[in-house]
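One-letter residues, chain by chain:
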Amino acid sequence: MISPNTLQADRSPKTPTVARFDPPEADRILSVLGVRVTDVRMDRALDIVRRMMDHDDGRGRGVYFVNAHALNVAAENRDYADVLNAADCVFGDGTGVRLAARMQGIRLSDNVNGTDLVPALLSKAPGRRRGYFLLGTDEESIGRAAAHAARAFPAWTLAGFHHGYLTTPERNARAVECIRRARPDLLLVGMGNPLQELWIHRHRDQLGGPVCLGVGGLFQYWAGTIRRAPHWLRGRGFEWLGILFQQPAKARRYLIGNPVFLARASRDAWRLRRRSGYA
């Protein structure tokens, strides 16, 4: 598996330069712990992803969703922050990002997360037949997730799927070749932060040009491994409590990580105000 600490070794002349797909200037971009986050409503985010797929020039494009945990990792690992900022678009996911923006005097337009965006994208029939590929989780779960997706989104083609346990160079190469042969328009990578973003950053120009989305635990929902929190809990910004209840191993991430993130965001907002002369 890829770790943030191995990323530095990959910086070499062999690493391809990926063309950015810059959103229009009308889309507000703010900095949260040094990561550029595009602030848009969900319908606008969907439009951006669709236009990326239409803008097919053979280059892979990276779209990420950052929550408090991902931004904590970025604050501790500059290489990972650089990977996020090399994406074609980064959206803010969750209450923590919204609170960090409020500390800067900004009210985010929406909670743009992959768990909601991907089904909304796949539920609508595209202008032409499009395919998607699932990469992540274990062999059994990815099979169940793929079966669910094929039933739930008949307007799209399931181009293929592969587990995310790419623990050797040989396994990794086979997964890359599998995706290349499938030629999907959309690649959904569910390995969790930061592995999925690092994998996309490293490989997206080898995949034949799909739009690559880092979707976190989406496949676990589709496979039935975990359930989403009730809508009323999500609406109040506490979806993480539903995840924690089902996955207590993540207690440190939420119970310690969330307060650490808010402290960092507060310092970050103070520095931004001081820099602009408002502190």
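The structure displayed is predicted, hence computed values, not measured ones. Residue numbers run consecutively from 1 along every chain, following the written order of its sequence. Local features in this predicted model are restricted to residues of pLDDT 70 or higher, and side-chain atom pairs are both shown and tallied only at a pLDDT of 80 or more, whereas totals for entire chains, interfaces and linings draw on every residue. The side-chain numbers reported here are obtained from all heavy atoms of the structure, hydrogens and water having been left aside.

To continue, consider the overall build of the protein. Every helix listed is a DSSP run of H or I at least four residues long, and every strand listed is a run of E at least two residues long, numbered separately from the N terminus. Counting its secondary structure elements, the protein contains twelve helices and eight strands. Remark: exposure states derive from per-residue accessible area (1.4 Å probe, protein chains only) relative to the maximum for the residue type, with buried under 20%, exposed over 50%, and partly exposed in between. Among the 279 residues that make up the protein, the fraction classed as buried is 48%. Note on definitions: a residue-residue contact is assigned when non-hydrogen atoms from the two residues lie within 4.5 Å. Across the protein, every contact between residues at least 6 apart in sequence was considered, and the portion connecting residues at least 24 apart equals 77%. Carbon and sulfur atoms provide 52% of the accessible area of the protein, an area that totals close to 13,600 Å². For the area figures, the Shrake-Rupley method with a 1.4 Å probe applies, and any residue is considered shielded solely by the protein chains shown.

For the rest of this paragraph, the subject is the confidence of the model for the protein. Think of pLDDT as the predictor's per-residue confidence, scored from 0 to 100. Per-chain confidence: the protein averages 87 in pLDDT, with 86% of residues scoring 70 or above. Contacts of residues 1-19 to residues separated by more than four positions or lying in other chains number 36 contacts, the stretch itself having pLDDT below 50.

Because the α-helix completes a turn every 3.6 residues, residues three or four places apart line up on one side. End to end, helix H6 (residues 139-152) covers 20 Å across 14 residues, agreeing with the expected 20 Å (1.5 Å per residue, within 8%). Every buried residue belonging to H6 is among Ser141, Ile142, Ala145, Ala146 and Ala149, and all of these are buried. Buried residues along H6 cover an arc of 135° about the axis, so they all sit on one side. Those residues of H6 that are exposed and angled more than 90 degrees off the buried face are Glu139, Glu140 and Arg151. Residues of H6 that are buried in the fold lie against strand E5 (131-136), strand E6 (157-162) and helix H9 (218-223). A helix is expected to span 1.5 Å for every residue after the first. This arc is built from the directions going out from the helix axis to the C-beta atoms.

This paragraph deals with a nonpolar patch on the surface. Like charges within 9 Å and nonpolar side chains (Val, Leu, Ile, Met, Phe, Trp, Tyr) within 5 Å are joined into patches, using only residues over 30% in relative accessible area that form no salt bridge. By salt bridge we mean one thing: a side-chain nitrogen of Lys or Arg within 4 Å of a carboxyl oxygen of Asp or Glu. Nonpolar side chains collect at one region of the surface, where Leu255, Ile256 and Val260 lie side by side and expose about 240 Å² of accessible area between them. Judged by its relative accessible area of 52%, leucine 255 is exposed.

Here the focus is the packing of aromatic side chains. A pair of aromatic rings is counted whenever rings of Phe, Tyr or Trp (Trp by its six-membered ring) have centres within 6.5 Å, and the orientation is called stacked for planes under 30 degrees apart, edge-to-face for over 60 and tilted otherwise. Counted according to the given criterion, the structure contains three aromatic pairs. A ring pair is formed by phenylalanine 65 and phenylalanine 91, whose centres lie 5.9 Å apart and whose planes are at 35°; its orientation type is tilted. Placement of the pair is phenylalanine 65 in strand E3 (residues 61-66) and phenylalanine 91 in strand E4 (residues 89-92), with a sequence separation of 26 residues. Classification of phenylalanine 91 as buried rests on a relative accessible area of 0%. Aromatic pair phenylalanine 219 and tryptophan 222: ring centres 6.1 Å apart, planes at 45°, arrangement tilted. With a gap of three residues between them, phenylalanine 219 and tryptophan 222 both fall in helix H9, about one helical turn apart. As far as the burial class goes, phenylalanine 219 and tryptophan 222 line up, both buried. Among the aromatic residues, ring-to-ring pairing joins Phe153, Phe219 and Trp222 into one connected group.

Tallying each qualifying case throughout the model produces 14 salt bridges. Where arginine 264 meets glutamate 76, a salt bridge forms, and the shortest distance between an N and an O atom there is 3.1 Å. In this pair, arginine 264 sits in helix H12 (residues 251-276) while glutamate 76 sits in helix H2 (residues 68-76), placing the two residues 188 residues apart along the sequence. The exposure class assigned to arginine 264 is buried, which follows from its relative accessible area of 17%. Of the charged contacts, one joins glutamate 140 and arginine 144 as a salt bridge, the two residues approaching to 2.9 Å between their closest N and O atoms. Of this pair, glutamate 140 and arginine 144 both sit in helix H6, four residues apart, which is roughly one turn of the helix. Of the residues examined, glutamate 140 reaches a relative accessible area of 57% and is grouped as exposed. Classification of arginine 144 as partly exposed rests on a relative accessible area of 33%. Salt bridges sharing common partners tie together Asp27, Arg44, Asp47 and Arg51.

Cis rather than trans, the peptide bond between asparagine 193 and proline 194 has omega equal to 0°. Position of proline 194 among the secondary structure elements: in the loop between strand E7 (186-190) and helix H8 (195-203). Despite not being glycine, leucine 33 shows a phi value in the positive range, around 50°. Assessed through its relative accessible area of 11%, leucine 33 is described here as buried. We note that threonine 137 has phi near 50°; this positive angle belongs to a residue other than glycine. Along the polypeptide, threonine 137 turns up in the loop between E5 and H6.

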